[in-house]
Amino acid sequence: MSLLAYGEPAESSETDSPAVETEPDVLVDFTAMLQRQRQGGEYGGWFGCDSKMQTTQSDQGYYLEQYVLGVLDFSSQYGIDYSISYTAANVIGRPTKFPAYGDYPETFPMRTYGDWWQRAPSATREIQPQNLPKLETHDYVVVYFEEFVVPTEVAIFETFNPGAVVRIWAYGLTKNWTCLWEATESDLARPPPLDSRRFAPPLKKTTMLTKTLRIDFNHSRLNYYTEIDAIMLCGRTVTKTQNLLAKQQITQHSRTLVSPPPEVIGSAPGDGGGGSISYKLRTLKFQPNCGEDGATKLHEFINNDLVQFLADNCVDGEKAAPQIFLTDLPFEILLRILSYLDLKSLFRVGHVSRTFYDISTHPLLYAEISLKPYWDVASSELLCTLARRATMLRKLDLSWCGGFGNVSPTEFKKFLTQRGDNLTHLRLNSCKFLNASCIENVGIVCDNLIELSLRNCATEPPLLNFSCLANLKNLERLDLFQTYFETELLLSMLEGNRKLKHLNLAFCGVSVNMDNVAAHLATYNTQLISLDLWKAHFLSSRGLQSLARLHQLEELDLGWCMREASLGDGLFQLLSNCPKLKKLFLSAVRGTTERDLMHIAALGKNLEQLDLMGILNITHERVYDILVNCPKLQLLDLSFCDNIMDRDFDLLAEWSRQFNVDIKSSRRH
C-alpha cells in the first residue's frame, strides 16, 4: 500500500516469545513511501524520454506560469482575518510590492521570528521530540492554483527579511504529498539576504501533476519578521491523452496498493538485497536441498542453526568470536534503547522479527505520540493502529494533521474514546477535521488534561461549540491563539481552572471583552505565569489594573490590544506588583507615555525581552535609561518608532554592542 501494510510480524520459532494477538496490525510503511518519492514522482516515466508512449511536440502540453488562486490553510499570520493587512490572503495573485524591499501591509508575515518565543517563560517542550527533522517547521501556508501542471519551478517573492523557506511540498492526484525541495546544511550556512528576492530553488525532478503547494518556514535564523508577497508555480500542462493515462494510473494505483517485500525494506544499499548473511552463505557455497518445504526448513535453519554454522565455517581463516546479540540484552534495556527512536523507526523495527515486534509495540514507547512532523502521512488507519499500541498514552500532538480528509472526525473520536481518559497533554493546532462533536468528546473524555492547545482551529464563529470544555478542571496551560471563543464560556473555564499558569488568547476575536477576562484572571487565576493578549480587543486601563494583581506574572504580551490615549497608572501598578516580569510586549500601544518608559527603566530589573515597536513618544534618553537600568535585557524592539530616525541607527548599533542587547530598529521602506 502507499501508506499502510496489513500484516503479521515475522514468524518465530517455538522457542521465541509468545505469539501476539491474532488481530492483524496496521503498519505504516514509511520505507515504501520514501522509496516511491525517490523514484521521482507519482506517474513515473509518463512524460519523460522513458515513456512507453512517445509523444510529438504538439502533444506535450504548454508551459504555464501561474500565481496563487487561493489559500487553503496556514499556521499563523501577523494580521487578523477581517483585515487586509499582513494576512495570508495577501499571497493571492501577482506580486504587488516586489522588487521593493521593506515592511508592507499588503504582504504575508507570520507571528514570530528568531528563537525569542522559545526563550520565553511560555515556551513549550515538543512532544516526542525525536520525531522532529534536523530543520523543523515553525509555520506553513497551503495554497492552490488554477491549473494542474508538472512542476518545474516554484518562485517565492520575499520582500522583507527573506530566508525562512525550508521546504516546498506538492499535493498530487493520488492524494499524496511529495517534497519538491528541502533546505540543506549548506543552504543554512549562508547568511540570510538583506534585500528582496525571487527565491526559486532547484526542484526535485518529478512527473507528478499538482496545483496545490505547501511552503514550510523556519524562523530561527531571522533577524525580524519575514514577509511574502506572492508565490508562482511554473510547469507544463498535460494533454487530454496524458490526462487519461494519469486517471488510469490512479485507478490502478488504488487497486494494487502493495508494500515492498520485507527483504527490500531490510536490505542495505549495494548488497543486492542480500545483506551480510547472504554474502557469507555465498562465500561458503551454501546450497541446501530442502525439497518441497524448503522455505520452512530454510527459515528454521536461519533462526536456529545459522550462528553455529557460521562459527563452524569461519570465513578466510577468521577465528570464531563469542557471539553476543542485541536480543540477548535484558528486555528493559532494549526498551530503553528503542525509546530514543522516532516513530518511523519504531514501525520499521517491528518488521525485523517477532521479538523486535513485541518490543517495538510496547505501550511504554507510545506514552507520548506526536504526528505533527508526519502530517503528510497521518491518517485514520494510523490512528487505528496507534490506538492498539498506546494503552498508556499521556501526551498527544495531532497538530497540522488531517487537512485533506486523511483523518476523519469519527476515527479521531473513536481514538479519543479508547485512549483519551488518561491524557494530560493534547495539542490540536490547525486541525481542520475538528467539528463540534470532536470538541464535545474532548470535554467529556479528557477530564485529566493539564494542557489543551487549539491554535487556529475555529477562525469563523460559530464554527465550533466549545461548551463541553467547561468540564475541564485541571488545566495549567490553555492555548486559544487565533481561535474564536465566547466570553461567557471562557470566563467559566477560567473560574473552573484555578491552577492555570499559561494562557494564550491572541487573536481570539472581537466578541471577547478583555476587561472582564482580566478581572476574572485576577480573581481566580492568581498563579498565572504567562498571558498573551496580542491583538485581543477591548482591554482598557481598567483591565491593565486588574492584571497588576497577578503577582506571579513573568510574561505579558499586550501588543496591539490597547488603543486608549493613556494607560493611566496601569503600567506603573503592573511593574510594581509583578517584579518577576521577564517578557513585556507593548507593540503599537499608542498610549505609552514618557512617564511609562521611566517606570519601565526603574522597575523592570528582571526584564529580558521588551517590545516597544511603534511607540510614538520614545526618546534617546529613555532608551538609554532602559538599557542602563535593565541589566538582564536581551531583546529591545524599537522598530517603526517615529522618533527613531535613520541617523540614529549608528548610535543604536553602538548601544547594542555596549550593553550586549539585540536592538531591533527596522523601518517600513
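Residues numbered from 1 in each chain as written. Predicted model: local features only at pLDDT ≥ 70, side-chain atom pairs only at ≥ 80, totals over all residues. Heavy atoms only, no water.

Next up on the list: empty space enclosed by the protein. Summary: where empty space remains is shown by rolling a probe the size of a single water molecule over the atoms. A full pass over the atoms with the stated rule returns 3 cavities of 30 Å³ or more. If you add up the space inside the largest cavity, you get close to 110 Å³. Tyr78, Tyr86, Asp103, Glu227 and Phe640 are, among the 12 residues lining the largest cavity, the residues nearest its centre. The residues that make up the lining of the largest cavity include at least three from each of domain 1 (63-245) and domain 2 (513-668). Here the second largest cavity is characterised by a volume of approximately 80 Å³. Taken together, Gln77, Ile80, Asp81, Tyr82, Gln482, Tyr484, Phe507, Cys508, Gly509, Lys535 and His537 form the lining of the second largest cavity. (1 Å grid on protein atoms, 1.4 Å probe; cavity = no way out; pocket = protein on both sides within 12 Å on 5 of 7 lines; lining within 4 Å. Points joined across faces, edges and corners; volume = space filled by probe spheres on them. Domains from an automatic or database assignment.)

Before going further, it helps to spend a moment on the packing of helix α18 (residues 594-603) against helix α19 (residues 620-629). Put simply, α18 and α19 touch, their axes get as near as 8 Å, and they point 15° apart. The orientation of α18 relative to α19 falls into the category roughly parallel. As for how α18 packs across α19, the hand of that crossing is left-handed. Where α18 abuts α19, its residues Glu594, Leu597, Met598, Ile600 and Ala601 lie against Arg622, Asp625, Ile626 and Asn629. (Axes fitted to C-alpha atoms, helices over the stretch in contact; angles between N-to-C directions. Helix = DSSP H or I, 4+ residues; strand = E, 2+ residues; numbered from the N terminus. Parallel < 35°, antiparallel > 145°, perpendicular 65-115°, else oblique. Left-handed = near helix turned anticlockwise from the far one by under 90°. Contact = heavy atoms within 4.5 Å.)

A sheet is described by the order of its strands in space; here 12 strands give the open sequence β12-β13-β14-β15-β16-β17-β18-β19-β20-β21-β22-β23, paired in parallel fashion. Each edge of the open sheet is held by one strand with a lone partner, namely β12 (368-370) and β23 (662-664). Pairwise comparison of adjacent strand axes, ignoring direction, gives a mean angle of 5° for this sheet. With 3 bridges joining them, strand β13 (residues 395-397) and strand β14 (residues 425-427) adopt parallel strand pairing. Along β14, the bridge assignment pairs lysine 395 with histidine 425. (Pairing = 2+ DSSP bridges.)

A word on helix α13 (residues 436-445). Three or four residues apart is the spacing at which side chains of an α-helix point the same way, because the helix has 3.6 residues per turn. Within α13, the full set of buried residues consists of Cys438, Ile439, Asn441, Val442, Gly443 and Val445. With a side-chain oxygen lying 3.1 Å from the backbone nitrogen of serine 437, the N-terminal cap of α13 falls on asparagine 435. (Buried < 20%, exposed > 50% of the residue type's maximum accessible area, 1.4 Å probe, protein only. Polar contact = N/O pair within 3.5 Å; in protein donor to acceptor, adjacent residues only side chain to side chain.)

Grouped together as the largest cluster of nonpolar side chains are 118 residues, with contacts concentrated most on Leu371, Leu547, Leu574 and Leu612. The two domains that each donate at least three residues to this core are domain 1 (63-245) and domain 2 (513-668). Leaving out residues up to four positions away in the same chain, leucine 574 has contacts with Leu544, Leu547, Ala548, Leu553, Leu556, Leu581 and Leu584. Core analysis: the second largest hydrophobic core is formed by 51 residues, Ile80, Val143, Tyr224 and Leu635 among them. (Core = buried A, V, L, I, M, F, W, Y, C linked by side-chain atoms within 4.5 Å.)

What follows is about the environment of phenylalanine 356. Within the fold, phenylalanine 356 resides in helix α10 (residues 354-360). Along the primary structure phenylalanine 356 and leucine 335 are separated by 21 residues, whereas in three dimensions their C-alpha atoms are 9.9 Å apart. Among all residues touching phenylalanine 356, those that are not within four sequence positions of it are Leu326, Thr327, Val349 and Gly350.

Quick look at the packing of aromatic side chains now. If you walk through the whole model with that rule in mind, you get 24 aromatic pairs. Where tryptophan 117 meets phenylalanine 585, the ring centres are 5.9 Å apart and the plane angle is 85°; that geometry is what we call edge-to-face. With tryptophan 117 in the loop between β5 (108-109) and β6 (139-160) and phenylalanine 585 in strand β20 (residues 583-585), the pair connects residues that are 468 residues apart, well separated along the chain. One exposure class covers both tryptophan 117 and phenylalanine 585, and it is buried. Counting every residue linked through ring pairs, the aromatic cluster contains Tyr78, Tyr86, Tyr113, Trp117, Tyr224, Tyr225, Trp534, Trp560, Phe585 and Phe640. One cation-aromatic arrangement involves arginine 111 over tryptophan 534; the distance from NZ or CZ to the ring centre is 3.8 Å. Between arginine 389 and the ring centre of phenylalanine 347, over which it is positioned, the NZ or CZ distance is 4.4 Å. (Phe/Tyr/Trp six-rings, centres within 6.5 Å; stacked < 30°, edge-to-face > 60°. Lys NZ or Arg CZ within 6 Å of the ring centre and 35° of its normal.)

Before going further, it helps to spend a moment on the confidence of the model for the protein chain. Any region with low pLDDT has predicted coordinates that should not be read closely. When the pLDDT values of the protein chain are averaged, the result is 83; 78% of them are 70 or greater. Overall, residues 1-58 carries pLDDT values under 50, and its contacts beyond four positions in sequence, including any with other chains, amount to 139 contacts. In the model, residues 255-275 has pLDDT below 50 throughout and makes 16 contacts with residues more than four positions away in sequence or in other chains. (pLDDT = per-residue confidence, 0-100.)

To continue, consider the layout of surface pockets. What the second largest pocket holds in volume is close to 1000 Å³. Around the second largest pocket, the lining comprises 41 residues; the ones closest to its centre are Trp117, Gln118, Thr124, Arg455 and Asp479. Mapped onto the lining of the second largest pocket, the elements with two or more residues apiece are β15 (451-453), β16 (477-479), β17 (502-504), β18 (530-532) and β19 (555-557). Across the lining of the second largest pocket, the residue classes break down as 8 nonpolar, 17 polar and 16 charged. (Nonpolar A, V, L, I, M, F, W, Y, C, P; charged D, E, K, R; others polar.)

It is worth spelling out the environment of methionine 598 at this point. Within the secondary structure, methionine 598 sits in helix α18. Look at methionine 598 and you get partly exposed, because its relative accessible area is 44%. The sequence separation of methionine 598 and aspartate 625 amounts to 27 residues, and the corresponding C-alpha distance is 7.6 Å.

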